[in-house]
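Remarks on the overall topology
For reference, the chains in residue letters:
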Amino acid sequence: MTDHQTVSTETVTRGPDISVVVPCYNESANVAPLVKALEQALAGRQWEVIFVDDNSPDHTSQRVRDLARNNARVRGICRIGRRGLSSAVIEGALSSSAQVVAVMDGDLQHDESRLGALIDAVLNNTCDVAVGSRHVEGGNNAGLVNAWRHALSDGGIWLAQRVLPVKLTDPMSGFFALRQETFAAIAPRLSGTGFKILLDLLLSAAKPLRVQEVPCGFRPRVAGESKLDALVMLQFAALLLDKFAKGWVPLRFVAFCMVGLAGVGTNLAVMQCARLVGAHFAMAQAIGTVAAMILNFFLDNNFTYRDRRLRGWACMRGLVLFMLVCSVGALADVGIARMIYGQNHMLNEASLAGAILAVVWNYAMSSTVVWRS
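Every value quoted in this text rests on a predicted model; they were computed, and no experiment measured them.

Pairs may arise between side chains of opposite charge once their charged atoms sit close together. One pass over the structure, following the stated rule, counts eight salt bridges. Residue Arg45 is joined to Asp120 by a salt bridge in which the shortest nitrogen-to-oxygen separation is 3.2 Å. Within this pair, whereas Arg45 is found in the loop between helix H2 (28–41) and strand E2 (47–53), its partner Asp120 is found in helix H5 (residues 115–123), the two being separated by 75 residues in sequence. Overall, the relative accessible area of 29% leaves Asp120 in the partly exposed class. For Arg82, the salt bridge identified is with Glu91, shortest N-O distance 2.9 Å. With a relative accessible area of 36%, Arg82 lands in the partly exposed category. Put simply, Asp54, Arg79, Arg82 and Glu91 are held in one network by salt bridges that share partners.

Moving on to the side chain of Asn71. Tracing the chain through its elements places Asn71 in the loop between helix H3 (60–68) and strand E3 (74–78). Among the residues examined, Asn71 registers a relative accessible area of 15% and is labelled buried. At 3.1 Å, the side chain of Asn71 forms a polar contact with the side chain of Glu39. Excluding residues that lie within four positions of it along the chain, Asn71 makes contacts with Val35 and Glu39.

Our next topic: unusual backbone geometry. Unlike most non-glycine residues, Asn26 shows phi in positive territory, near 60°. You can see Asn26 is positioned in the loop between strand E1 (18–24) and H2. Positive phi outside glycine occurs at Leu108, with the angle close to 70°. Structurally, Leu108 can be placed in the loop between strand E4 (100–103) and H5.

One finds Val20, Leu38, Val49, Phe51, Met104 and Leu115 to be the most contacted residues of the largest nonpolar core, which totals 30 residues. For this core, the secondary-structure elements that each account for two or more residues are E1, H2, E2, H3, E4 and H5. Considering every element that reaches this core, the biggest residue donor is H5, with five residues. With residues near it in sequence (within four places) discarded, Leu38 still touches Val20, Trp47, Val49, Met104, Glu112 and Leu115. Of all hydrophobic cores here, the second largest spans 29 residues; its members include Val129, Phe183, Ala187 and Leu199.

Calculation criteria
Residues numbered from 1 in each chain as written. Predicted model: local features only at pLDDT ≥ 70, side-chain atom pairs only at ≥ 80, totals over all residues. Heavy atoms only, no water. Salt bridge = Lys/Arg side-chain N within 4 Å of Asp/Glu carboxyl O. Helix = DSSP H or I, 4+ residues; strand = E, 2+ residues; numbered from the N terminus. Buried < 20%, exposed > 50% of the residue type's maximum accessible area, 1.4 Å probe, protein only. Polar contact = N/O pair within 3.5 Å; in protein donor to acceptor, adjacent residues only side chain to side chain. Contact = heavy atoms within 4.5 Å. Core = buried A, V, L, I, M, F, W, Y, C linked by side-chain atoms within 4.5 Å.

Everything listed here is a matter of geometry and, on its own, says nothing about what the molecule does.
As structure tokens, then:
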């Protein structure tokens, strides 16, 4: 084999220097345009794009496969039985052997022309994480098309800035780059839940990361639909609670308890309304309890167990199971409280013990019976 042939073979078999990880769900129409945009933005570089799709019903994974057959830069991971942006990013980043991992959304809202600046900032060792920011000079937030989305984003930014160990104008950004080895070192401490993987990375690092912000535009969405809603922000709040608890309390359990508190308020409100219209106490209590169970089920289905969400007849079956589970938990609550009160006549301690048992029972059975993995 000649020297020329040896060099040629090495060039062909060399892996990428950059992996662009794109978590996606129902983004079939955006796959081909995004690959084309990346070809222009990363011309002259050794790169690949890894689409991590949560088995989208619009056949996003099939579209990725179609492109990958004729383009070695395109890779796809189709996840079955798992959902969530953060966990998708983790799987995509850990599948990479490139020096640098960049993360961006699959909806074409991030300005891919800024990828080069993000990557160079990391390669030049001027920072540990380079963040595409909408809120520094030269950036813009045009993609947030209504006041509701602006309010959600601004509220999240304000809250995140209160707890972050580094100064950052756009901690809600989903557009950033860092070395793969940096990501891999932090990965075991990530919660992997919710939509704000950058915030999770910054809060999970063993020591504060050096951050550099690069101005970035945020375009209006062309195809598909936004995943940003109030439930996403509740997941964001639960992530912060999980980090404050240092991982000792499961994030899903924190969310389950938050939903339970909403159920308590609903129970009391409905019971009072029933009393006002003439229902006796036992009937009012029963109506309030049923209303609270129904509300808790639908909140848990869309928030706590969002990655295992039940639909159609499975949702109706799940509701029945959930109400049975909670009924057993309520009976256990009363039984344990009576037993402890009978032993020491300490009402508060007895009530607390019964409530804790009921919550743990409801959570354990909900996770293993109602929303099975």
